[in-house]
Amino acid sequence: MNYNLAKFEQSFGISSQLPESDAVEIAFSGRSNVGKSSLLNKLFNRKQLARVSSVPGKTITINFYDVDGVKFVDLPGYGYAKISKQEKQRFAELMEGYFSQDRKLKLVVQLIDMRHKPSEDDFGMIEFLKHNNIPFIIAMTKSDKLKKTEYNKRLEASKEELSVAQNIEIIPFSSVTGEGADKIKTLIEEAVNNV
């Protein structure tokens, strides 16, 4: 898969606008400010294709990218408290709408900030993916922000904390150093080719 061919396609704010699923899809999920845009940009080998914002809760749309005929779907970040009730309802409708449609979804890359214990929302998302038999992997973002001993401690703790996600790949990832990017690409390609 040639990631250099990645291009932004469209954003959708309500699920009824979502296009029919006519190609294999890989979705990216995680709380606000976990680093989804940074991870996508690293995979795409671009600085600004996915818009990075320092303001959490900025992505309240589903963004579609085309990568060599495979759709990368950037889902809105969850768990940001400072959005209105109306926006929260729209967010829920959008997420439920996406997952309830008949889509060619092959894999969800679930992002969790490596520096912190997974949130209730993270566990909720993992339970949802498991319950619906949706294949997923976990990318532990911002790994470069931890010193070596803290890194090792958090990696061990994460395996314990995420024991609900048995037999699921957990990959430390850094958009700064590139750690984990190749592993994530390999797992995406395996999922895409596993027709």
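The model shown is predicted, which means the values in this text are computed figures rather than measured ones.

### Digging into the pairing of strand β4 (residues 70-74)
Among the 5 residues in β4, 5 count as buried, and that is most of the element. Every second residue of β4 is oriented toward a common face, with Val70, Phe72 and Asp74 on one face and Lys71 and Val73 on the other, all of them buried. The pairing of strand β2 (residues 25-30) with β4 spans 4 bridges and is classified as parallel. Bridge pairing in β4 links Ile26 to Phe72. Direction of pairing for strand β3 (residues 62-67) relative to β4: antiparallel, over a ladder of 5 bridges. Within β4, the residue paired with Asp66 across the bridge is Lys71.

### Some thoughts on the side chain of Gln110
As for its position among the elements, Gln110 is in strand β5 (residues 105-113). For Gln110, a relative accessible area of 0% translates into the label buried. Here the side chain of Gln110 touches Ser29 through a polar contact of 3.0 Å, side chain to side chain. A polar contact is formed between the side chain of Gln110 and the side chain of Tyr78, at a distance of 2.7 Å. Residues within four places of Gln110 in sequence aside, it is in contact with Ser29, Gly30, Tyr78, Asp122, Met125, Ile126, Leu129, Phe136, Ile137, Ile138 and Ala139.

Cut-offs used in this document
Residues numbered from 1 in each chain as written. Predicted model: local features only at pLDDT ≥ 70, side-chain atom pairs only at ≥ 80, totals over all residues. Heavy atoms only, no water. Buried < 20%, exposed > 50% of the residue type's maximum accessible area, 1.4 Å probe, protein only. Helix = DSSP H or I, 4+ residues; strand = E, 2+ residues; numbered from the N terminus. Pairing = 2+ DSSP bridges. Polar contact = N/O pair within 3.5 Å; in protein donor to acceptor, adjacent residues only side chain to side chain. Contact = heavy atoms within 4.5 Å.

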